[in-house]
Amino acid sequence: MGEVRPIVHVGDPVLHNPCDPVTRFDDELAALVDDMFASMYAAEGVGLAANQIGVPLRVFVYDCPDDDGERHQGVVVNPELELPGLGERRLDTGDEGCLSVPGQYAPLPRPDHATVRGFDAAGQPVTVEGTGLLARCLQHETDHLDGHLYIDRLPAKRRKQVLAAYRETLSTKADISPL
């Protein structure tokens, strides 16, 4: 349906600044959402924030399973993330990756349950509750809209390792000449 747009990579300022709230729920927003889904699927991701395709608006799309393996798909505009209180929190210590830091993964503890409240592309209120990968996705994509990448949550030494491996991958690709 939508147009596949290139994914913005770590280092681009659009990824490192908070995004602007959406104020108009119109055809332009609907087209952006279509492009975001097309871009996410083309990149084989499970979630994508608008700033990952260079648009600094508070919108993300997702298509991923929860802890029970049930697939959830949707869009959240102007999301507000809610996490369990510290005494109620259980952490999922699984690996996390990002389309904006391709090929790199690192263990990152996150709460195993999350809720996001916001709006759909038509401006209707939505609430998305997630467990497992869906909970991780809701937190990860909301972080993007706040100007943070998952690597920003890693200990400094591990973050440097991930970035060094990412740069190495880039330099290796640059050394390969096309046939």
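Refer to the preceding data block for the structure.
Throughout, residues of each chain are indexed from 1 in the direction in which the sequence is written. In keeping with the model being predicted, local features are shown solely for residues with a pLDDT of at least 70 and side-chain atom pairs are shown and tallied solely at 80 or more, while totals for entire chains, interfaces and linings include all residues. By convention in this description, side-chain values take in all heavy atoms of the structure and omit both hydrogens and water.

A.B. asks: Lay out unusual backbone geometry with the relevant residues and their values.
C.D. replies: Of note in the backbone geometry, E44 takes a positive phi value of approximately 60 degrees without being a glycine. The secondary structure listing takes helices from DSSP runs of H or I that are at least 4 residues long and strands from runs of E that are at least 2 residues long, numbered from the N terminus. Locating E44 in the fold gives a position in the loop between α1 (27–42) and β1 (47–49). A 1.4 Å probe rolled over the protein chains alone gives each residue an accessible area, and that area as a share of the maximum for its type sets the label: buried under 20%, exposed over 50%, partly exposed in between. Here E44 falls in the exposed class, since its relative accessible area comes to 72%. The phi dihedral of N78 is positive, around 55 degrees, even though this residue is not glycine. In this structure, N78 sits in strand β3 (residues 71–82). Judged by its relative accessible area of 15%, N78 falls in the buried class.

A.B. asks: Tell me about the pairing of strand β8 (residues 113–119), and name the residues and values.
C.D. replies: Residues in a regular strand project their side chains so that they alternate between the two faces of the sheet. Whether two strands pair comes down to DSSP finding at least two bridges between them. Inspection of the sheet shows β3 paired to β8 by four bridges, in the antiparallel sense. When the bridges of β8 are listed, V77 appears paired with F119. Looking at chain direction, β8 and strand β9 (residues 125–131) are connected through seven bridges and run antiparallel. Across the sheet, residue R117 finds its bridge partner in β9, namely T127. Hairpin connection from β8 to β9: five residues lie between these consecutive antiparallel strands, with G123 at a positive phi of about 90 degrees.

A.B. asks: Let's hear about the nonpolar core: which residues, and what values?
C.D. replies: The definition of a nonpolar core used throughout is a set of buried Ala, Val, Leu, Ile, Met, Phe, Trp, Tyr and Cys residues joined through side-chain atoms within 4.5 Å. Ranked by size, the top nonpolar core spans 16 residues in total, and within it M36, V59 and V61 carry the most contacts. Sorting the residues of this core by element identifies α1, β2 (59–65) and β3 as the ones contributing at least two each. For this core, the element with the highest residue contribution is α1, accounting for six residues. If sequence neighbours within four positions are ignored, M36 has contacts with L48, A49, A50, I53, V59, F60 and V61. One finds V14, L15, A106 and L108 within the second-largest nonpolar core, a separate group that totals 15 residues. Note on contacts: a residue pair is in contact if any heavy atoms of the two residues lie within 4.5 Å.

A.B. asks: Which residues make up the sheet that holds β3, and what are the values?
C.D. replies: Spatially, five strands are ordered β1-β2-β3-β8-β9 in an open sheet, and the strand pairing comes out antiparallel. Each edge of the open sheet carries a strand with a single partner, namely β1 and β9. Put simply, the sheet's adjacent strands are angled 35 degrees from each other on average, direction ignored. As paired strands, β2 and β3 are joined by seven bridges and run antiparallel to one another. Each bridged residue has a counterpart across the sheet, and for F60 the counterpart in β3 is V76. The strands that α1 touches are β1, β2 and β3; relative to β2, the one it contacts most, it runs at about 40 degrees. Convention adopted: a line fitted to C-alpha atoms gives each axis, helices being fitted over their contacting stretch, and angles between N-to-C directions are expressed from 0 to 180 degrees. Packed onto the sheet, helix α2 (residues 132–145) meets β1, β2, β3, β8 and β9 and runs at close to 165 degrees relative to β2.

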